[in-house]
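Take a look at the letters that make up each chain.
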Amino acid sequence: MKYVDGFVAAVPNAKREEYIKHATMAAEIFKELGALSVVECWGDEVPEGKLTSFPMAVQCKPDETVVFAWITWPSKEVHDVGMKKMMEDPRMQPDANPAPFDGKRMIYGGFIPVLSV
């Protein structure tokens with residue numbers, strides 16, 4: 001059964017191109033490690049909510065945009081091995097390749113698909 005990782009983060013608008021470069025490199029590594037696909041989306045219509053919302057969840061600042069991304073894997077087992085290798089990969093270490101956003105405000109999780117049409 002396929003497995004999906006989902007991510008939401010706030011990225012400074014001034015770092016959009018840097019984020020795309022960072023995400024492109026990460027996507028190439030995820031694919032090397034068995035991911036089926038990687039999708040990165042830059043917020044376009046992401047309203048601020050009254051009780052909850054994407055911007056509230058990641059404490060989005062006025063000069064930032066919410067990004068929404070997901071990675072599909074062939075199985076949870078491939079995901080588990082791939083993510084472990086990703087965290088150890090020297091190309092993704094913070095000193096070599098710092099994230100162009102505040103990772104402490106990123107939301108992420110793993111999901112088992114229940115519907116795909």
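Above: the structure in question.
So, here's what we can say about the structure. (Residues numbered from 1 in each chain as written. Predicted model: local features only at pLDDT ≥ 70, side-chain atom pairs only at ≥ 80, totals over all residues. Heavy atoms only, no water.)

**Section: the nonpolar core**
- Core analysis: the biggest nonpolar cluster contains twelve residues, these being Tyr-3, Phe-7, Ala-26, Ile-29, Phe-30, Ala-35, Ala-69, Ile-71, Trp-73, Met-83, Met-86 and Met-92.
- Among the elements of the structure, strand S1 (3–12), helix H1 (16–32), strand S3 (64–73) and helix H3 (76–88) are those that each provide at least two residues to this core.
- Those residues in contact with Phe-7, other than ones at most four positions away along the chain, are Val-67, Phe-68, Ala-69, Ile-71, Met-106, Ile-107 and Tyr-108.
- With six residues, the next largest nonpolar core counts Ala-9, Val-11, Tyr-19 and Phe-101 among its residues. (Core = buried A, V, L, I, M, F, W, Y, C linked by side-chain atoms within 4.5 Å. Buried < 20%, exposed > 50% of the residue type's maximum accessible area, 1.4 Å probe, protein only. Helix = DSSP H or I, 4+ residues; strand = E, 2+ residues; numbered from the N terminus. Contact = heavy atoms within 4.5 Å.)

**Considerations on the sheet that holds strand S2 (residues 37–42)**
- Strand order in this open sheet of four strands is S2-S3-S1-S4, and the pairing throughout is antiparallel. Of all strands in the sheet, those with a lone pairing partner are S2 and strand S4 (107–111), marking the two edges. Each neighbouring strand pair of the sheet contributes to a mean axis angle of 15°, computed without reference to strand direction. (Pairing = 2+ DSSP bridges. Axes fitted to C-alpha atoms, helices over the stretch in contact; angles between N-to-C directions.)

**Remarks on the pattern of salt bridges**
- Under the criterion given, the structure shown has six salt bridges.
- The closest approach of N and O atoms between Glu-32 and Arg-91, which form a salt bridge, is 3.0 Å. Placement of Glu-32 in helix H1 and of Arg-91 in the loop between H3 and S4 is noted, with a sequence separation of 59 residues between them.
- Of the charged contacts, one joins Arg-105 and Asp-102 as a salt bridge, the two residues approaching to 3.1 Å between their closest N and O atoms.
- What you see here is one network of salt bridges that share partners, running through Glu-32, Asp-89 and Arg-91. (Salt bridge = Lys/Arg side-chain N within 4 Å of Asp/Glu carboxyl O.)

**As for the packing of aromatic side chains**
- Tallied over the entire structure, the rule returns five aromatic pairs.
- On the basis of an interplanar angle of 55° and a centroid distance of 5.4 Å, the ring pair of Phe-68 and Trp-70 is categorised as tilted.
- Three or more aromatic residues joined by ring pairs form one cluster here, namely Tyr-19, Trp-42 and Phe-101. (Phe/Tyr/Trp six-rings, centres within 6.5 Å; stacked < 30°, edge-to-face > 60°.)

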